[in-house]
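Here is what each chain is made of, one letter per residue.
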Amino acid sequence: MSGAAGPPAPPLRLGMAGLVHGHAAGFLGRYRNSKEVDLVGVAEPDRGVAARYVKDSRIDPDRLHPSLEAMLDRAKPEAVVAFTSTAGHLGVVEACAARKIPVMMEKPLAVGVEQARAIERAAAGAGIPVLVNYETTWYPSNRAAYALAKEEKALGEIRKVVVHDGHRGPKEIGVQPEFLDWLTDPERNGAGALFDFGCYGANLMTWLMDDARPTSVTAVTRQFKPETYPRVDDEATILLEYPGAQAILQASWNWPFDRKDMEVYGRTGQVLTVGLGGLRVRLAGKAEEHRQAPPLPPPEDDFLRYLAAVVRGTIKPSGLSSLRNNLIVVEILDAARRSAATGRAVQLG
């Protein structure tokens, strides 16, 4: 007979840095009453935004702090999740590194290579894990496609990957005003749709290529709605070249419907993801099959369970959430921005 299960782990003492990222509302709705998490402190300097979240998301005012440093020193969280602008990530990591506190931030890692490397230095100097959260990391369909291609080697050598990520646009879908404000600011977001949605495909392709950099990056961006987004692109296409493969990343604020999916074409087979759990698989000599991806096992099924496992040392960061992968993602996005500005391919090597 197997022994009785041990007592459940205590809730992760979690701090929250910022409320200006639109995903903050969804996070609070999902985790505020979770038994796995104790939200011990929230930092948000914008008093208007903070007051709205106290009212709408029922944040305990006693756990709300006007600065990140005050929250870290008073609440003493085990880990911090960042919901600042992308440009704010470096400040969060530096403050947490000074206190040896792990960080997980919303994608992408940084607005440019210089900032990404500063994050890497701060994390290495403090010996803390820094993770990046993408919605698509927790899609069973993406994990199943990866397993077919990389573990089962059912597709043959990967030749081409096409990734689609986008929606009608942040203003069109009604994001919060503070979110729209920095999403449409090239200094705080890095670009427009290029960074907001191009990062997903760069993250997935880097994973499929075993963290290899592409040899070259070419990008074309457009402003189909300059009256709505005068300072940033709203459409981007990124071409990544590898010695034996190619990727096309399509990022859009112009599509009629929300879309996040991936197509992987190997030498002898192909797999196309359909939403969170669907797959269309066609292998050599067989008709196309429609499959349902198996559920992800804990802690791989949820970003906070994953973060808790990393903080408690039961797993090491790897794959889509890892700092290694995401440093390359920022290199790709930075090169794509330069390519779009100059009309030339950028060599990475």
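What comes next concerns the included structure.

How each quantity is defined
- Residues numbered from 1 in each chain as written.
- Predicted model: local features only at pLDDT ≥ 70, side-chain atom pairs only at ≥ 80, totals over all residues.
- Heavy atoms only, no water.
- Pairing = 2+ DSSP bridges.
- Helix = DSSP H or I, 4+ residues; strand = E, 2+ residues; numbered from the N terminus.
- Contact = heavy atoms within 4.5 Å.
- Axes fitted to C-alpha atoms, helices over the stretch in contact; angles between N-to-C directions.
- Phe/Tyr/Trp six-rings, centres within 6.5 Å; stacked < 30°, edge-to-face > 60°.
- Buried < 20%, exposed > 50% of the residue type's maximum accessible area, 1.4 Å probe, protein only.
- Lys NZ or Arg CZ within 6 Å of the ring centre and 35° of its normal.
- Salt bridge = Lys/Arg side-chain N within 4 Å of Asp/Glu carboxyl O.
- Core = buried A, V, L, I, M, F, W, Y, C linked by side-chain atoms within 4.5 Å.
- Parallel < 35°, antiparallel > 145°, perpendicular 65-115°, else oblique.
- Nonpolar A, V, L, I, M, F, W, Y, C, P; charged D, E, K, R; others polar.
- Right-handed = clockwise from strand over helix to strand, strands pointing away.
- Expected span 1.5 Å × (residues − 1).

On the basis of which strands lie adjacent, the open sheet formed by nine strands has the order β14-β13-β12-β11-β7-β10-β9-β8-β15 and mixed pairing. With partners counted over all chains shown, the strands left at the sheet margins are β14 (289-292) and β15 (346-347), one partner each. Sheet topology places strand β13 (residues 278-283) next to β14; four bridges connect them, and they run antiparallel. Residue pairing in the sheet places V281 in a bridge with E289 of β14. Lying on the sheet, helix α10 (residues 198-208) is in contact with β7 (158-166), β9 (235-241), β10 (246-252) and β11 (259-266); it crosses β7 at an angle near 155°.

What follows concerns the sheet that holds strand β5 (residues 103-106). The parallel open sheet is built from six strands, whose spatial order is β3-β2-β1-β4-β5-β6. The two strands at the open ends of the sheet, each matched to only one other strand, are β3 (64-65) and β6 (130-133). Here strand β1 (residues 12-17) pairs with strand β2 (residues 37-43) via six bridges, running parallel. Following the sheet pairing, L12 is matched in β2 by V37. Contacts between helix α1 (residues 23-31) and the sheet are confined to β1, β2, β4 (79-82) and β5, with β1 contributing the most and set at about 160° to the helix.

One pass over the full model with this rule turns up 10 aromatic pairs. Note on Y229 and W253: the rings are 4.9 Å apart at their centroids and 55° apart in plane angle, and the pair reads as tilted. Here W253 lies in the loop between β10 and β11 and Y229 lies in the loop between β8 (216-222) and β9, a separation of 24 residues in the sequence. You'll find Y229 and W253 in the same group, each marked buried. Taken together, the ring pairs in this structure connect F27, Y31, F83 and F303 into an aromatic cluster. The ring centre of F197 lies 5.8 Å from the NZ or CZ of K107, which sits over that ring. The ring of W255 carries R259 above its face, with NZ or CZ at 5.9 Å from the centroid.

As a further point, take the side chain of N189. Tracing the backbone shows N189 in helix α8 (residues 186-189). On the basis of relative accessible area, N189 is assigned to the buried category, the value being 2%. Among residues more than four places away in sequence, those in contact with N189 are T86, V111, W182, L183, F195 and D196.

For the bond running from K107 to P108, omega is -15°, close enough to zero to count as cis. Within the secondary structure, P108 sits in the loop between β5 and α5 (113-126). That bond from P298 to P299 is cis: its omega, 0°, falls within 30 degrees of zero.

Side chains that carry opposite charge are capable of pairing whenever their charged atoms lie near each other. Here the structure, examined in full by the defined rule, presents 24 salt bridges. Between R99 and D73 there is a salt bridge, with the nearest N and O atoms lying 2.7 Å from each other. Of this pair, R99 sits in the loop between α4 (89-97) and β5 while D73 sits in helix α3 (residues 68-75), placing them 26 residues apart in sequence. The partner of D261 in a salt bridge is R259, with the nearest N and O atoms 2.6 Å apart.

Glancing now at the nonpolar core. The biggest cluster of nonpolar side chains holds 84 residues, and the ones touching the most others in it are L109, V130, V161, L240 and V264. With nine residues, helix α12 (residues 323-342) is the largest single contributor of residues to this core. Ignoring anything within four residues of it in the chain, the contact list for L240 reads M205, P214, S216, V217, A245, Q246, A247, L249 and I332.

Here we take up the packing of α4 against α5. Relative to each other, α4 and α5 sit at 10°, their axes nearing to 9 Å. Taken together, the axes of α4 and α5 are roughly parallel relative to one another. Counted together, H89, L90, V93, E94 and A97 of α4 and Q115, A118, I119, A122 and A126 of α5 form the full contact between these two elements. Across the contact of α4 with α5, the residue classes tally to seven nonpolar, two polar and one charged.

What follows concerns the pairing of β2. In terms of burial, β2 is a largely internal element, six of the seven residues being buried. The handedness of the β1 to β2 crossover, carried by α1, is right-handed. Looking at chain direction, β2 and β3 are connected through two bridges and run parallel. From the neighbouring strand, A43 faces β3, where its bridge partner is H65. Following the chain from β2 across helix α2 (residues 47-56) to the adjacent parallel β3, one finds a crossover that is right-handed.

So, about α5. A rise of 1.5 Å per residue sets the reference length of α5, with its 14 residues, at 20 Å; its end C-alpha atoms lie 20 Å apart and thus fit the reference within 8%. Along its buried surface, α5 packs onto α4, β6 and α12. Once α5 ends, the next one or two residues include G127, with phi positive near 70°.

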